[in-house]
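# Reading the structure
Chain by chain, the residues:
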Amino acid sequence: MTSALRLGVNIDHVATIRNARGGVHPDPIHAAKLAEKAGADGITAHLREDRRHISDSDIARLMDAIVLPLNFEIAATDEMLQIAVRHKPHAACIVPEKREERTTEGGLDVAGGFESLKPFVSTLKDNGILVSLFIEPSEKQLEAAASLNADIVELHTGRYCDTEGTARDVELKRIIHAAGVAEGLGLECHAGHGLTFDTVTPIAEIPSLVELNIGHFLIGEAIFSGLDSAIRRMRSLMDTTRTNIAGERSA
Ligand code: PXP
């Protein structure tokens, strides 16, 4: 199936810049509202345990202010579960978290953490929150995600973006294969991490993917061209890719 590809805009790094000075500017909620106007289909925000960028009050304000669905990224801790249940975002994306890392380095070990994730996932689902698991493109992790009754998997594209040549081709093949397996298992399949104008097209070509979550590059690019323009260009690259695939298929 090939259909429109949704764009989730991650606004964490607007908060990173704000927090560098400790004031209120730039406001990530302003960025989320701009993203809505520029054609985003969702907003993603990661409330990290150390609150290095997004804060608790940002989440409360986002829930009040945005029309688009909020994809709330959290580690699988009791504190984050309570916050998710209080706000009831559209979806919660469970990510692994290490204090010393600069960004989410790898995927969640769903297979290894299966038993402890079970009550976490079922509490989210009982509260009407869609559960997304951020994983490496591996069959073992996909099968564990399906057994856990997750709604969504988000495939980690970081290694694909960070490598070049053959290594990148190998990683792309893993992502293509994993997206097909996810679809076969009945999991909605998303992807994200590290995507840029240069790396997005081969990922957007994967027909089983329904959403990409992109943040750091868009916020960085906004310095040069503005956030509206950066989001519109990403949107256009994704849409053009999908239109081309649909054309090839019907030819
Ligand atoms: N998806 C997940 C689960 C993430 O943790 C992140 C980074 O916060 C992203 C997508 C977006 O990655 P980037 O900011 O590199 O575009």
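Anyway, here's the lowdown on the structure attached to this text. Once a new chain begins, its residue numbering starts again from 1 and follows that chain's sequence as written. With pLDDT at 70 or above as the cut-off, local features in this predicted model cover only qualifying residues; side-chain atom pairs require 80 or more to be listed or tallied, and sums for whole chains, interfaces and linings still use all residues. As a rule here, side-chain values come from all non-hydrogen atoms in the structure, and water together with hydrogens is ignored.

## Remarks on the site of the ligand
Our working rule: If even one non-hydrogen atom of a residue comes within 4 Å of a molecule or strand, that residue is called near it. Within 3.5 Å is the distance limit for a polar contact, defined as a pair of N or O atoms, with the added protein rule that one can donate a hydrogen and the other accept it, and that residues adjacent in sequence qualify only through two side-chain atoms. Only the protein chains shown count as covering a residue, and every accessible area follows the Shrake-Rupley method with a 1.4 Å probe. Note on residue classes: Ala, Val, Leu, Ile, Met, Phe, Trp, Tyr, Cys and Pro are nonpolar, Asp, Glu, Lys and Arg are charged, and everything else, Gly too, is polar.
Taken together, the neighbourhood of the ligand is formed by 13 residues, with E73, E154, G194, G215 and H216 sitting nearest. Contact distances for the ligand include 2.5 Å between a nitrogen atom and a side-chain N or O atom of E154. In this structure, an oxygen atom belonging to the ligand sits 2.8 Å away from a main-chain N or O atom of H216. For the ligand, whose unbound accessible area comes to 390 Å², protein coverage reaches 96%. The class makeup of the residues in the shell around the ligand is 3 nonpolar, 7 polar and 3 charged.

## Observations concerning helix α10 (residues 216-225)
Formally: Exposure is judged per residue with a 1.4 Å probe applied to protein chains only, and the accessible area is read against the type maximum: over 50% gives exposed, under 20% gives buried, and values in between give partly exposed. To qualify as a helix, a DSSP run of H or I must reach at least 4 residues; to qualify as a strand, a run of E must reach at least 2; elements of each kind are numbered from the N terminus. Working definition: the arc comes from the directions between the helix axis and the C-beta atoms, pointing outward to the latter. Whether two residues touch is decided by their heavy atoms; if any such pair falls within 4.5 Å, the residues are in contact.
Every buried residue of α10 is listed here: L218, I219 and E221. In an axial view of α10, the angular spread of the buried residues amounts to 165°, which keeps them on one side of the axis. Turned more than 90 degrees off the buried face of α10, the exposed positions are H216, I223 and F224. On its buried side, α10 packs onto β1 (6-10), α1 (12-21), β8 (209-214) and α11 (227-250).

## Some points on the packing of helix α4 (residues 78-87) against helix α5 (residues 114-126)
Under the convention used in this document: Every angle, taken between N-to-C directions, lies between 0 and 180 degrees, and every axis is a line fitted to C-alpha atoms, over only the stretch in contact when it is a helix. To sort the angles, those under 35 degrees are grouped as roughly parallel, those over 145 as roughly antiparallel, those from 65 to 115 as roughly perpendicular, and the leftovers as oblique.
The geometry of α4 relative to α5 is characterised by a closest axis approach of 10 Å and an angle of 10° between their N-to-C directions. It follows that α4 is roughly parallel to α5 by the angle criterion. Taking contact as the criterion, the partners of L81, A84 and V85 in α4 are, on α5, F120, T123 and L124.

## Let's talk about the sheet that holds strand β3 (residues 70-74)
Spelled out, the test is: Two strands pair under a simple rule: DSSP has to find at least two bridges between them.
Taking strand neighbours around the barrel as the criterion, the 8 strands line up as β1-β2-β3-β4-β5-β6-β7-β8 in a closed arrangement whose pairing is parallel. Within the sheet, the average angular offset between the axes of one strand and its neighbour, ignoring direction, is 25°. Bridge count for β1 against β8 is 4 bridges, and the pairing is parallel. Counterpart to L7 in the pairing with β8 is L212.

## Considerations on the pairing of β3
Note the threshold: For crossovers, right-handed means that the path from the first strand over the helix to the second runs clockwise, given strands pointing away from the viewer.
For β3, the buried fraction is high: 5 of the 5 residues fall into the buried class. Judged by which residues are buried, β3 turns out to be covered on both faces: L70, F72 and I74 on one side and N71 and E73 on the other are all buried. As judged from the 4 bridges shared by strand β2 (residues 42-46) and β3, these two strands associate in the parallel manner. Considered in β3, the bridge of I43 is made with L70. What joins β2 to β3 is helix α3 (residues 56-65), and the crossover it makes is right-handed. For the crossover that starts at β3, traverses α4 and ends in the parallel strand β4 (residues 91-94), the hand is right-handed.

## Observations regarding the pairing of β1
A large share of β1 lies buried, amounting to 4 of its 5 residues. Taken together, the 3 bridges between β1 and β2 define a ladder with parallel strand orientation. Within β2, the residue paired with G8 across the bridge is G42.

## Here we look at the packing of α10 against α11
We apply this condition: Handedness of a crossing is defined here by the sense of rotation of the near helix relative to the far one, left-handed for an anticlockwise turn of less than a right angle and right-handed for a clockwise turn.
Direction vectors running N to C along α10 and α11 enclose 125°, while the axes themselves pass 7 Å from each other. The pairing of α10 with α11 is recorded here as oblique in orientation. Considering how the two elements wind past one another, α10 and α11 form a crossing that is right-handed. Between α10 and α11, the contacting residues are F217, L218, I219, E221, A222 and S225 on the first element and L227, S229, A230, I231 and M234 on the second. Looking at the contact of α10 with α11 residue by residue, the classes come out as 8 nonpolar, 2 polar and 1 charged.

## Regarding the packing of aromatic side chains
So the rule is basically this: Aromatic contacts are taken between Phe, Tyr and Trp rings whose centres are within 6.5 Å, Trp giving its six-membered ring; a plane angle under 30 degrees counts as stacked, one over 60 as edge-to-face, and the others as tilted. Definition used: whenever NZ (Lys) or CZ (Arg) falls within 6 Å of the ring centre and also within 35 degrees of the ring normal, the charge is taken to sit over that ring.
This structure, assessed with the given rule, holds 1 aromatic pair. Ring plane angle 80° and centroid distance 4.8 Å describe the contact between F197 and F217, whose orientation is recorded as edge-to-face. On the criterion of sequence distance, the pair formed by F197 in the loop between β7 (188-192) and α9 (200-204) and F217 in helix α10 is long-range, its members being 20 residues apart. Judged by its relative accessible area of 11%, F197 falls in the buried class. It is R168 that lies over the ring of Y160; its NZ or CZ is 5.3 Å from the centre.

## Quick word on the environment of E171
Relative to the helices and strands, E171 resides in helix α8 (residues 165-184). In this structure E171 comes out as buried when scored by relative accessible area, which is 4%. Separated by 27 residues in the primary sequence, E171 and A144 place their C-alpha atoms 21 Å from one another. In contact with E171, other than residues within four places in its own chain, are P137, R159 and Y160.

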